Amino acid sequence: MSTLPLPQISTERCTGCERCVDICPQQALVQSDGKAMLIYPERCTYCTLCEDICPTQAIALPFLIVFAGHRPQ
Ligand code: SF4
Ligand code: SF4
């Protein structure tokens, strides 16, 4: 199971325009029942193209925040 933060698609915001499906270079997205779905999450390279092209801001790519620990004083 991947530990990467994956694109989250809001089914409420998604209008099914398929722009994200068409632009994804990894073919990780498909349209199903008029909504975009990430059906191959293991293919996602986190390129952010889908988030950038979505006209309704239905796709959000959460940042992976890594805490390196406290710096020595
Ligand atoms: S680009 Fe946005 S609105 Fe269009 S199918 Fe993808 S998630 Fe839905
Ligand atoms: S971030 Fe890139 S690879 Fe991942 S689903 Fe979106 S367009 Fe595809």
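Please read all numbers here as calculations on a predicted model, not as lab measurements.

(A) Focus on the site of ligand 1. The environment of ligand 1 is made up of 14 residues, and the closest members are Cys14, Cys17, Cys20, Ala36 and Cys54. By residue class, the composition of the shell around ligand 1 is nine nonpolar, three polar and two charged.

(B) Representation of the nonpolar core. In terms of nonpolar packing, the biggest core is built from 10 residues, these being Ile9, Cys20, Cys24, Ala28, Leu29, Ala36, Cys50, Cys54, Ala58 and Ile59. Every residue in contact with Leu29, bar those within four places of it in the chain, is listed here: Cys20, Val21, Cys24, Ala36, Met37, Leu38 and Cys50.

(C) Representation of the pairing of strand 2 (residues 29-32) in the model. Judged from the four bridges that link them, strand 2 and strand 3 (residues 35-38) form a sheet pairing that is antiparallel. Bridging from a neighbouring strand, Leu29 pairs with Leu38 of strand 3. Taken together, strand 2 and the strand that follows it, strand 3, pair antiparallel across an intervening segment of two residues, in which Asp33 is found at a positive phi of about 55°.

(D) Molecular detail of the environment of Cys17. Along the chain, Cys17 turns up in the loop between strand 1 (8-9) and helix 1 (19-23). Here the alpha-carbon distance between Cys17 and Lys35, two residues 18 residues apart in the chain, equals 8.2 Å.

(E) Structural context of the confidence of the model for the chain. The predicted model of the chain has a mean per-residue pLDDT of 89, with 85% of residues at 70 or higher. Mean pLDDT across the elements of the chain bottoms out in strand 4 (residues 59-60) (95) and peaks in helix 1 (98).

(F) Molecular detail of unusual backbone geometry. Non-glycine residue Tyr46 carries a positive phi angle of around 65°. For Gln57, which is not a glycine, the phi torsion comes out positive at approximately 50°.

(G) Expanded view of the environment of Ser10. Within the fold, Ser10 resides in the loop between strand 1 and helix 1. Under the C-beta neighbour-count criterion, Ser10 is labelled partly exposed, with 14 such atoms within 10 Å. Each C-alpha atom of the pair Ser10 and Gln57 lies 8.5 Å from the other, and the pair is 47 residues apart in sequence.

How each quantity is defined
One numbering rule holds for all chains: residues counted from 1, following each sequence as written. As they are written, the chains are lettered A onward and the ligands numbered 1 onward, keeping that order. Per-residue local features are limited, in this predicted model, to residues with pLDDT of at least 70; the limit for side-chain atom pairs, both in listing and counting, is 80 or more; totals at the level of whole chains, interfaces and linings are taken over all residues. Only the C-beta atom, placed from the backbone, is used; a residue is near a molecule or strand if that atom lies within 6 Å of it. Throughout, the ten residues Ala, Val, Leu, Ile, Met, Phe, Trp, Tyr, Cys and Pro are labelled nonpolar, Asp, Glu, Lys and Arg are labelled charged, and all others, Gly among them, are labelled polar. Each nonpolar core reported here comprises buried Ala, Val, Leu, Ile, Met, Phe, Trp, Tyr and Cys residues connected via C-beta atoms within 7 Å. Exposed residues have 12 or fewer other C-beta atoms within 10 Å of their own C-beta, buried residues have 20 or more, and partly exposed residues fall in between, where C-beta atoms are placed from the backbone. A pair of residues counts as a contact when their C-beta atoms, built from backbone coordinates, are separated by no more than 7 Å. The pairing criterion is simple: DSSP has to find at least two bridges between the two strands. Starting at the N terminus, helices and strands are each numbered in turn, a helix being any DSSP run of H or I of at least four residues and a strand any DSSP run of E of at least two. The predictor reports its confidence for every residue as pLDDT, a score running from 0 up to 100.

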